[in-house]
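Summary of the model geometry
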Amino acid sequence: MDPKKLLVVLCALVGFACGAGSSAAREQPVATQPTLVRPAPAQQPVQRPQSTVELGETVVLKAGDTTEVASKDVSIRFARLVSDSRCAEGMVCVWEGEAVIELTLAEPGRGERTTAEVASTGRGGRQSVEFAACRVDLVAVSSGGDQVTLRVSKA
């Protein structure tokens, strides 16, 4: 048996031996990440760019960026990447791994604010969060973890 295939089988049988998201072989390419859904504004302010998203749309945010929900008094900020055990690009892994991000959700008019962690898979946590009649789903996390795609809809 090919040593690489044997390693994959052994890692599958003894999951903890390879660790979460460990690489086993370089045989298959990883699917590409989604492209930007919204174009960047033509004029960039000195501070981090803000965008507006309508209910039912997706938005791409970089770490530290904030978006406002157009029909609601709600802002969503991609605070940081909490953890990332996903397989490195170009690698085949025993399991897909998971990225967990932290979002800061605010309703300035009411003085409400909360933070929530959402995960790229349902294994380690929730994939969406509800706040002020809005639902925010984590659609994708870039391979470097510095950019996320979120879908905002009515809760």
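Here, every reference points to the structure presented above.
Residues numbered from 1 in each chain as written. Predicted model: local features only at pLDDT ≥ 70, side-chain atom pairs only at ≥ 80, totals over all residues. Heavy atoms only, no water.

This brings us to the overall build of the protein. A tally of helices and strands in the protein yields 2 helices and 11 strands. Counting from the amino terminus, the protein carries its helices and strands in the arrangement α-α-β-β-β-β-β-β-β-β-β-β-β. Counting every position in the protein, which comprises 155 residues, the buried fraction comes to 35%. At a minimum sequence separation of 6, the contacts of the protein that also span at least 24 residues come to 45%. (Helix = DSSP H or I, 4+ residues; strand = E, 2+ residues; numbered from the N terminus. Buried < 20%, exposed > 50% of the residue type's maximum accessible area, 1.4 Å probe, protein only. Contact = heavy atoms within 4.5 Å.)

For the rest of this paragraph, the subject is the nonpolar core. In this structure, I76, I101, L103, V148 and L150 are the most contacted members of the largest nonpolar core, which totals 22 residues. At the level of secondary structure, the elements contributing two or more residues to this core comprise strand 3 (58-62), strand 5 (74-84), strand 7 (99-107), strand 8 (112-119), strand 9 (128-131), strand 10 (134-141) and strand 11 (147-154). Other than its neighbours up to four places away in sequence, V148 contacts V59, V60, L61, F78, I101, L138, A140 and V141. (Core = buried A, V, L, I, M, F, W, Y, C linked by side-chain atoms within 4.5 Å.)

Now for the pairing of strand 10. Most of strand 10 is tucked away: 6 of the 8 residues are buried. The sheet contact formed by strand 9 and strand 10 spans 4 bridges and is antiparallel. Note that in strand 10 the partner of S128 across the bridge is D137. Counting the residues in the hairpin turn of strand 9 and strand 10 gives 2 residues, including A132, whose phi is positive at 50°. Two elements, strand 10 and strand 11, share 7 bridges in a ladder whose sense is antiparallel. By the bridge assignment, A140 is partnered in strand 11 with T149. (Pairing = 2+ DSSP bridges.)

This part takes up the environment of R86. Examined against the element boundaries, R86 turns out to sit in the loop between strand 5 and strand 6 (92-93). On the basis of relative accessible area, R86 is assigned to the partly exposed category, the value being 22%. In this structure, the C-alpha to C-alpha distance between R86 and S120, residues 34 residues apart in sequence, is 9.5 Å. Within polar-contact distance, the side chain of R86 engages the backbone oxygen of S142 at 2.8 Å. (Polar contact = N/O pair within 3.5 Å; in protein donor to acceptor, adjacent residues only side chain to side chain.)

Let us now look at the state of the cysteines. This model, assessed by the stated rule, comprises 1 disulfide. Bridging C87 to C93, the disulfide has an S-S length of 1.8 Å. Negative torsions about the S-S bond denote left-handed disulfides, and the value of about 80° found for C87 with C93 makes this one right-handed. When its relative accessible area of 18% is taken as the criterion, C93 is described as buried. (Disulfide = S-S within 2.5 Å.)

Read these as layout, nothing more, since geometry by itself doesn't imply function.
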